[in-house]
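Structural features, examined
Chain residues, written in single-letter form:
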Amino acid sequence: MVDFYIGLFLASLIVALFTTRLFRLLMWYSFNSLMLGLLALIIGIEFNDDGLIITGVLTIIVKSLAIPYFLKKFSQQFHIVREIQPEIKVQYAIMLIPAILVFTFYLAEPITNMILNNSNHIAISISSLFLSLLLMMEHKNVAPKVIGFLSMENSLFLLGVTATEGMPMIVELGIFFDLLMAIVVINLLFTREEIKND
Amino acid sequence: MILYLTTILLLLLIAPILLSFIKSLKMIWLFKRPSSIFQGYRNFSKLLTKETIISQESSSITRYAPFLVLSPLLITMFFLPPIVEGAYYVSFVDAFTITGLISLSTFFLMLLGLDSASAFGGMGSSREAFISALVEPAMVLTIFSVSMMAGNLGVGQAGVNLAEHFPKEHMASFIFAGISFFILLLAENGRIPIDNPETHLELTMVHEAMILDITGVYLAIIETASSVKFVIFSSLFVSLFMPWGLELYAPMAILVFIVKLFIVATVVALLEVNMAKLRLFKVPNLLGIAIVFAFLSLITFYVLGA
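Small disclaimer: the values here were computed from a predicted structure and weren't measured. (Residues numbered from 1 in each chain as written. Chains lettered and ligands numbered in written order. Predicted model: local features only at pLDDT ≥ 70, side-chain atom pairs only at ≥ 80, totals over all residues.)

**With respect to the overall build of chain A**
- Across its full length, chain A carries eight helices and zero strands.
- In sequence order, the secondary structure elements of chain A are arranged as α-α-α-α-α-α-α-α.
- Against the globule reference of 16 Å for 198 residues, chain A gives a C-alpha radius of gyration of 17 Å, in line with a compact fold.
- The principal-axis extent of the C-alpha atoms belonging to chain A is close to 55 × 40 × 20 Å. (Helix = DSSP H or I, 4+ residues; strand = E, 2+ residues; numbered from the N terminus. Rg over C-alpha atoms; globule rule 2.2 N^0.38 Å.)

**Structural notes on the overall build of chain B**
- Helix and strand counts for chain B come out as eleven helices and zero strands.
- The order of helices and strands in chain B, counted from the N terminus, is α-α-α-α-α-α-α-α-α-α-α.
- In terms of its C-alpha atoms, chain B occupies a principal-axis envelope of roughly 60 × 45 × 40 Å.
- Expressed as a percentage of its 306 residues, the buried residues of chain B come to 49%. (Buried ≥ 20, exposed ≤ 12 C-beta atoms within 10 Å, placed from the backbone.)

**Remarks on the environment of T6 of chain B**
- Note on placement: T6 of chain B falls in helix α1 (residues 2-29).
- In sequence terms T6 of chain B and L70 of chain B are 64 residues apart; their C-alpha atoms lie 20 Å from each other.

**Considering the packing of α1 of chain B against helix α2 (residues 39-49) of chain B**
All names here are of chain B.
- Running from amino to carboxyl end, α1 crosses α2 at an angle of 115°, the nearest separation of the two axes being 7 Å. Each of P16, I17, L19 and S20 in α1 lies in contact with α2, whose residues at this interface are Q39, G40, Y41 and F44.
- The residue inventory of the contact of α1 with α2, partitioned by class, reads five nonpolar, three polar and no charged. (Axes fitted to C-alpha atoms, helices over the stretch in contact; angles between N-to-C directions. Contact = placed C-beta atoms within 7 Å. Nonpolar A, V, L, I, M, F, W, Y, C, P; charged D, E, K, R; others polar.)

**Brief notes about the packing of helix α2 (residues 22-47) of chain A against helix α3 (residues 50-77) of chain A**
All names here are of chain A.
- Two numbers describe how α2 lies on α3: the axes approach to 7 Å, and their chain directions differ by 170°. In this view, α2 runs roughly antiparallel relative to α3, as classed from their interaxial angle.
- Its residues placed into classes, the contact of α2 with α3 shows 15 nonpolar, nine polar and two charged. (Parallel < 35°, antiparallel > 145°, perpendicular 65-115°, else oblique.)

**A few points about the interface of chain A and chain B**
- Taken together, the contact pairs 19 residues of chain A with 18 residues of chain B.
- Elements supplying a minimum of two residues to the side of chain A that touches chain B: α1 (2-18), α4 (90-107) and α6 (120-137) of chain A.
- By residue number, the principal contributor to the side of chain A that touches chain B is α1 of chain A, which donates ten residues.
- A breakdown of the residues in the side of chain A that touches chain B according to their chemical character gives 16 nonpolar, two polar and one charged.

**Things to note about α3 of chain A**
Residue and element names in this part refer to chain A.
- Between its first and last C-alpha, α3 extends 38 Å over 28 residues, near the 40 Å set by a 1.5 Å rise per residue.
- Residue A66 marks the point of greatest curvature in α3, where the axis turns by about 30°; the proline P68 follows within four residues.
- Where α3 is concerned, the buried positions are L52, T55, G56, T59, I60, K63, S64, I67, P68, L71 and S75.
- Immediately beyond the C-terminal end of α3, within one or two residues, lies H79, with a positive phi of roughly 55°. (Expected span 1.5 Å × (residues − 1). Bend = angle between axes of the 7 residues up to and from the residue.)

**Remarks on the confidence of the model for chain A**
- This prediction gives chain A a mean pLDDT of 83; 92% of its residues lie at or above 70.
- For chain A, the element scoring lowest by mean pLDDT is helix α8 (residues 169-197) of chain A, at 72; α2 of chain A scores highest, at 90. (pLDDT = per-residue confidence, 0-100.)

**Regarding helix α4 (residues 95-115) of chain B**
Residues and elements named next belong to chain B.
- In this model α4 runs 30 Å from its N-terminal to its C-terminal C-alpha over 21 residues, within 8% of the 30 Å that 1.5 Å per residue would give.
- Taken together, the buried positions of α4 are A95, I98, T99, I102, S105, T106, F108, L109, M110, L112, G113 and D115.
- Close packing links the buried residues of α4 with α3 (61-77), α5 (119-150), α6 (155-164), α8 (207-210) and α9 (216-241).

**Some thoughts on unusual backbone geometry**
- Within the chain, N48 of chain A stands out as a residue other than glycine whose phi angle is a positive 55°.
- Summarising the element assignment, N48 of chain A is placed in the loop between α2 and α3.
- Phi at A117 of chain B takes a positive value of approximately 60°, unusual for a residue other than glycine.
- Tracing the sequence through the fold places A117 of chain B in the loop between α4 and α5.
- Judged by the 12 C-beta atoms lying within 10 Å of it, A117 of chain B is exposed.

Okay, here's the thing in structure tokens:
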């Protein structure tokens, strides 16, 4: 069952790389975080870890509902450009994405040799880290860059959940607080974007 | 053997109903008065009684192409995985054969479009060639990757193996293959993000443009071929990606299979209502996504084993 959610996580990230509309991108980000939250919940129930269950619920509420909602609201409020065309052409992205994945699978091999159980999840989370970097690189506008940043955070969370069976809860909560601060900063960036548009 | 033949007959009977079901479901969701789900049969019987007119400019290809469009698809129906446990099936047919048979049918459809030398037919054929050239590699890769997961290259045997032992440990690559195959299902059957099956607007036609000049019995055959194609793709999707319920008592298993076919049709209708048709030059992007997912499912299977 864990593999199912991880597959959907990676799939939604890859589809997000090809989207050309901002709200669709937000939807994919929300789906991505939902899968992550469900994954954390399932692992938490499996290992009977209350901290991980709480983080899972918080992930679903904050990342998959609140953050996309507020980003959508901000982008409507500041009239952000909603048509986001990736700078990297699709033809090249089709070759680039499998190349990145194959590369990271071999890159992660020394790490996976050290860890005995579910070693392939580490490779997937590192590759999703690279894919979210690609998402940040391929867009010029602020809003998709923000989504790239957020999904990078998601893939780090995935690494934490699958590799270590859950970070200490206080660290997770700290990350959430960090994210909320980041949203405030993003708000400032959006205001600047609006000035540039005028 | 009886179950095998019954299955094929049943699939043939259900083929027009599925397409009419999609159409009427779409009409309900668009707040229109829905057409009957037996509309496919009505159209068929009406077309049989109509006069068949063939363009003077066309050669003999127009006379035999409709049969050659339908027959590879009918042959493919015999190679599908079984829907009931213990039924007879053909185990050795692999991804290349099925893709080849389907593209043989597409080839004759394109010839039919070109033959009457109308501007629309040529345009439709060129578009169809463009789309099917992009579909084929992704389809071979997807079915190949699923067969690798099932542990047998034959599609029928792969369906049986998947039903007996669902690959829980390969769930990630299974999902990638599923997404890829669903995009291919939409592309090959000319559903909405790729092609609008209901339009006769010259800018957007692909499938309709090729069959504009055809009337009567030949049109009935072509329409049957397109519904059979949909049933082939959806039953492949069902038996490769939703392989459960085969071990039930035979009539029950058949019922479960039909319900699953209708679920696939419902999802297609839902997508059609909610999406706009893609511009033709954006279609390679969507099919590119399908190729990426097909490739991904292979490499996650081989490299990670996940």
